[in-house]
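Residues per chain are reported as follows:
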Amino acid sequence: MSERPVSPTPVSATPEKRRRRILGRLPASGRAALAVVLLLWIVAACSPLLAERAGTIRLRERLAPPSAAHLFGTDDLGRDLFARVVCATPISLAIGLVAAAVALGVGFAVGATAGWFGGAVDLALSRLIEVVLCFPVLFLLLALAAFLPSSPLTLILAIGLTAWPGDARYARAEVMKIKDLDYARAARAAGASTPRILARHLLPNALPPLIVSAAFGIGWAILAEAALSFLGVGLPAPAISWGGILSVAPAYIDEAWWIALFPGLALFLTVSAYNLLAEGLRTATTEKGPV
Amino acid sequence: MTRYVLRRLVLAIPTLFGIVVIVFVLVHLAPGSPVSGGGEALRRPTGRAAEELRRLYGLDRPIPERFGAWVSRAVRFDLGESFVDRRPVGERIREALPHTLLLNGVALILALVIAVPLGVVAGGHPEGALDRVSGVALFALYSTPTFWMALLLQSLFSVQLGWLPLYGVASDPAPSGLAGLVDRLAHVALPATCLAYGTLAFVARLVRSGIAETREADYVLAARARGASRRRALWTHAFPNAILPLLTLFGLLLPALLSGSVIVERIFAWPGLGRLFFDSILARDYPVILGLSLLSAVATLGATLVSDIASAAADPRVRDGTAT
C-alpha cells in the first residue's frame, strides 16, 4: 500500500472540542437552518395542545377557505387544517430522524467493513451497494411498506433499508482514507482488536462527513415518509402526517387549493431546513479553518 | 480499455445475481408466503390467488429448489401472468412502456437542456450573480416534494388559469394532425416538468461544481493565454473535462426517473410503468410487481454499464482508475 499524506487534525481534537468548533464554523445560513429545525422540534413538542382541534369534525364547515377562525382553512371533513399541519410535525420529524439513523447505522456498518478489510470483502459489499442502487427507490419502498404490516416501525425500516447505500459509500471512502493514518496504525500495533479500532478510532474521525450525509438523509427520509403517506401506504388514520393530509388534495384540487398548499409548505420548510443545515455542516467540516 | 470493459462486465455478473436475489426476497415478504407470517389476515390472498401464488413460486417446495425455479424462469423472461387480468406480465409492461418512455424522454431532455448550460455559466463565474440566484433556486427545487409541485402546478395552470389539461395523455376524442400534436404536448407539459426538475437540480449542481473546479486548470488557463475567448475556454476546454467524470452518474438517473414516475403518473393519470407498478401494489398483483422490479433493476444495471464504458472510452483517467 502506498504511503498517504498524514493529516494532523484528527489526532489533536477531542470530539467535544471538535463539535464546538463545527458549530462555530457553521455559516449564517446553516445557523438559521439549525434555528428552524429546533423551532420545528419545539412546535412538535407543543403540538398535543392542538390535538383535539385537529381531530374535531365539523361537516358544516367543510372545505372552508383560510380565515381568522381557520388560519389554513378546513379539510374535507371540516377539520382545522392549521391544527392538523401542526399535529403532523412530530410524526414527520421523528420518522425522518430515526429512519435516517437506521440508514446511517447500516450504511456505516457495511461501508466501514468494506473500507477496512478491502479485497474480496470490499468487492462483495460494493456489489451489494450497487445492487440496491439499481432498484428505483420508490419501487422498493412501496413494496416494503405495502407488504409488511403497516406501523411506524415498518415505515422506519423500509426507509432506512433503502436509504443506506449513500451513507455506506461515504463511510467506505472515509475509512479507506483514515485506516492508514498513524493513529490507526498505532492502535493496530498496540494490539487493539478490529471492532475496537473501528468503533473507538475510526468512527469518531469518520464522523464529520457522516454527520453531513446523515443530515441530508433526514431530509430525504422525511420526503420518503411523506411520499408513502401521500400514496396511501404510510401510517393509517388517525395518525396525521403531511403526506397523508396532502393525499386528499387531488380530489379537491379545483375547489380547495389550501389543502394542497399548507401541508406541502410545512414539508418544504422542514426538508429545506435540514438540507440547508447539511450544506452548512459540510462547509463547516471541510473548510480549513484555524485548528 | 478491453481490460476495463471485461472487468466491468465480470463485476456485473454478481450484481445481476444480487438483483435476482433481492426480487426473490421480495416474493417471500409478500403476504401469503411462508415468511410473512400471520397478522394481516385481510391482505392474504385466498382461494385461487393463493393457489396461483404457490404454483408460480413453488411455495410448497424447499427454498433452494424454489430459488432455482425462479432464476430459470427469470432468465427466460417468463414473468408469469397478472393476477388481475390473467394476461402475461410482459404484455402489460409492453403496453405501459411507450407512455413512460415518452414522459421520461421529454423530462430528461427538458432537464438536460436547462441544466447543462445553467451549470456551465454558473460554474464559469462562481459566486457571480447568476451562480448565487441559481444556487438558491436549485436548492429550493431540490427540497420540493414532487407531489406537492404537481398539485401546485395543477392548481395554477389547470384550475386557476385553465391553460393546460388537469390529467391524462390526450383529449378524448383526440384531435388529429397538428392540433393532435399540440394536444399531446399540452398533456405532457405538466407531468414532464414535475419529473424533470429534480433531475435538473441534480445535474446542474454537478455540472456547476465540475466547471468551477476545472475552470482554473492549467489547460484552460493555457487556452486563455493562447487568446481563446472566455466562452471558448469554458465550453471547449473546461466543459468536456468537467462533464466526463459525471458520465458515470447518468446510468443512475434511470431509477430516479422511474421513482418519480410512480408519483407523477399517479397524479396525472398517466398509464405508464410507474402507474402500473403502483396499481399492482394496491392490487397485490405480485407477478407484475416482481417483473417490473426485475426489469427496471436490470435496465439500470445495463445503463450503468454503458455509461461506465462510455466514460472510460472517452476518459483515460477512468480506465486507469486514477479518476476520483
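From a predicted model like this one, the values you see are computed outputs, not experimental measurements.

What counts, and where the lines are drawn
- Numbering of residues starts from 1 in every chain and runs along the sequence as written.
- Think of it this way: whatever chain is written first is A, whatever ligand is written first is 1, and the rest follow in order.
- Residues qualify for local features only when their pLDDT is at least 70, as the model is predicted, and side-chain atom pairs are given and counted only at 80 or more; totals for whole chains, interfaces and linings, by contrast, use all residues.
- Here the side-chain values reflect all heavy atoms present in the structure, with hydrogen atoms and water set aside.
- Runs of H or I in DSSP of at least four residues are treated as helices and runs of E of at least two as strands, each being numbered from the N terminus.
- Relative accessible area decides the class of each residue, using a 1.4 Å probe on protein chains only: under 20% of the type maximum gives buried, over 50% gives exposed, and in between gives partly exposed.
- Throughout, a contact is declared for two residues whenever any of their heavy atoms are within 4.5 Å.
- Computed with a 1.4 Å probe, the accessible areas rest on the Shrake-Rupley method; for each residue, only the protein chains presented here act as cover.
- Positive charges are assigned to Lys and Arg, negative charges to Asp and Glu, while His and the chain termini are left out of the count.
- Here the site of a charge means NZ on Lys, CZ on Arg, CG on Asp, or CD on Glu.
- Pairing of aromatic rings covers Phe, Tyr and Trp, the last through its six-membered ring, and needs centres within 6.5 Å; plane angles under 30 degrees mean stacked, over 60 mean edge-to-face, and all others mean tilted.
- Between Lys or Arg on one side and Asp or Glu on the other, a salt bridge is scored when a side-chain nitrogen of the former is within 4 Å of a carboxyl oxygen of the latter.
- N or O atoms within 3.5 Å of each other form a polar contact, as long as, within protein, one can give a hydrogen and the other can take it, and as long as residues adjacent in sequence are counted only when both atoms are side-chain atoms.
- Side-chain classes follow a simple rule in which Ala, Val, Leu, Ile, Met, Phe, Trp, Tyr, Cys and Pro form the nonpolar group, Asp, Glu, Lys and Arg form the charged group, and the remainder, Gly included, forms the polar group.
- Residues enter a nonpolar core if they are buried and are Ala, Val, Leu, Ile, Met, Phe, Trp, Tyr or Cys, with the set joined through side-chain atoms within 4.5 Å.
- To estimate how far a helix should extend, the number of its residues minus one is multiplied by 1.5 Å.
- We define the bend at each residue as the angle formed by axes fitted to the 7 residues ending at it and the 7 residues starting at it.
- For every element, the axis is a line fit to its C-alpha atoms; helices are fit only across the contacting stretch, and the angle between N-to-C directions ranges from 0 to 180 degrees.
- Each angle receives one of four descriptions, namely roughly parallel if under 35 degrees, roughly antiparallel if over 145, roughly perpendicular if within 65 to 115, and oblique otherwise.
- Crossing handedness is read from the near helix: turned anticlockwise from the far helix by less than a right angle, it gives a left-handed crossing, and turned clockwise, a right-handed one.

## Some details on the overall build of chain A
Secondary structure assignment for chain A yields 13 helices and zero strands. The buried share of chain A, taken over its 291 residues, is 51%. A separation of at least 24 residues holds for 72% of the contacts in chain A among residues at least 6 apart in sequence. Accessible surface, chain A: about 12900 Å² in total, of which carbon and sulfur atoms supply 68%. Positive and negative side-chain charges in chain A, numbering 25 and 18 respectively, have mean positions lying 10 Å apart.

## Quick look at the packing of aromatic side chains
All names here are of chain A. Scanning the model with the defined rule gives nine aromatic pairs over all chains in all. Between Phe72 and Phe262 the ring centres are 4.1 Å apart and the planes differ by 5 degrees, which places this aromatic pair in the stacked class. Remark: Phe262 occurs in helix H13 (residues 257–286) and Phe72 occurs in the loop between helix H4 (51–55) and helix H5 (81–87); sequence separation between them is 190 residues. Among the aromatic side chains, those forming a connected cluster through ring pairs are Phe72, Phe82, Trp257, Trp258 and Phe262.

## Some remarks on the interface of chain A and chain B
Many authors give the size of an interface as the accessible area that is lost as the parts come together. Between chain A and chain B, the contact holds 43 residues from the first and 50 residues from the second. For the interface between chain A and chain B, the tally reads one salt bridge. Across the salt bridge formed by Glu279 of chain A and Arg205 of chain B, the nearest N and O atoms sit 3.3 Å from each other. On inspection of chain A and its partner chain B, the count reaches nine residue pairs in polar contact (both at pLDDT 80 or more). Sorting the residues of the side of chain A that touches chain B by element identifies helix H7 (119–134), helix H8 (137–147), helix H11 (194–230) and H13 of chain A as the ones contributing at least two each. Among the residues making up the side of chain A that touches chain B, the classes are represented as 35 nonpolar, three polar and five charged.

## What to know about the pattern of salt bridges
All names here are of chain B. Using the criterion set out here, one finds 12 salt bridges over all chains in the structure. A salt bridge links Arg208 to Asp131, with the nearest nitrogen and oxygen atoms 2.7 Å apart. Placement of the pair is Arg208 in helix H7 (residues 177–214) and Asp131 in helix H5 (residues 129–142), with a sequence separation of 77 residues. According to the relative accessible area criterion, Arg208 is partly exposed, its value standing at 24%.

## Digging into the nonpolar core
It is characteristic of soluble globular proteins that their nonpolar side chains tend to be buried jointly. Leu142 of chain A together with Phe147 of chain B are the most contacted members of the largest nonpolar core, which has 149 residues in total. Excluding anything up to four places from it in sequence, Phe147 of chain B contacts Ala226, Ala227, Phe230, Leu246 and Leu267 of chain A together with Ile263 and Ile267 of chain B. Counting residues in hydrophobic clusters, the runner-up holds 15 residues, among them Trp116, Ile178, Leu198 and Ala206 of chain A.

## A word on helix H4 (residues 89–124) of chain B
The terminal C-alpha atoms of H4 of chain B, which comprises 36 residues, lie 49 Å apart, in line with the 52 Å expected from a rise of 1.5 Å per residue. Of all the bends in H4 of chain B, the greatest reaches close to 35 degrees and is centred on Ala96 of chain B; the proline Pro98 of chain B follows between one and four positions later.

## A few points about the packing of helix H11 (residues 273–282) of chain B against helix H12 (residues 286–314) of chain B
Residues and elements named next belong to chain B. Where H11 contacts H12, the two axes come as close as 8 Å, and the packing angle between them is 140 degrees. It follows from the interaxial angle that H11 and H12 lie oblique. You can see that H11 and H12 cross each other, and the crossing is left-handed. Seen from H11, the contacting residues are Leu273, Leu276, Phe277, Ser280 and Ile281; seen from H12, they are Val288, Ile289, Leu292 and Ser293. A per-class count over the contact of H11 with H12 returns seven nonpolar, two polar and no charged.

## Details of the environment of Ala109 of chain A
Note on placement: Ala109 of chain A falls in helix H6 (residues 89–117). Between the alpha carbons of Ala109 of chain A and Pro236 of chain A there is a distance of 32 Å; along the sequence they are 127 residues apart.

## Observations concerning the packing of H11 of chain A against H13 of chain A
Residues and elements named next belong to chain A. Across the interface, H11 lies against H13 with an axial gap of 8 Å and an inter-helix angle of 170 degrees. Relative to H13, the element H11 is oriented roughly antiparallel. The segment H11 lies against H13, with Pro208, Ile211, Val212, Ala215, Phe216, Ile218, Gly219, Ile222, Leu223 and Ala226 engaging Leu267, Thr270, Val271, Tyr274, Asn275, Ala278, Glu279, Leu281, Arg282 and Thr285. Grouping the amino acids of the contact of H11 with H13 by side-chain chemistry returns 14 nonpolar, four polar and two charged.

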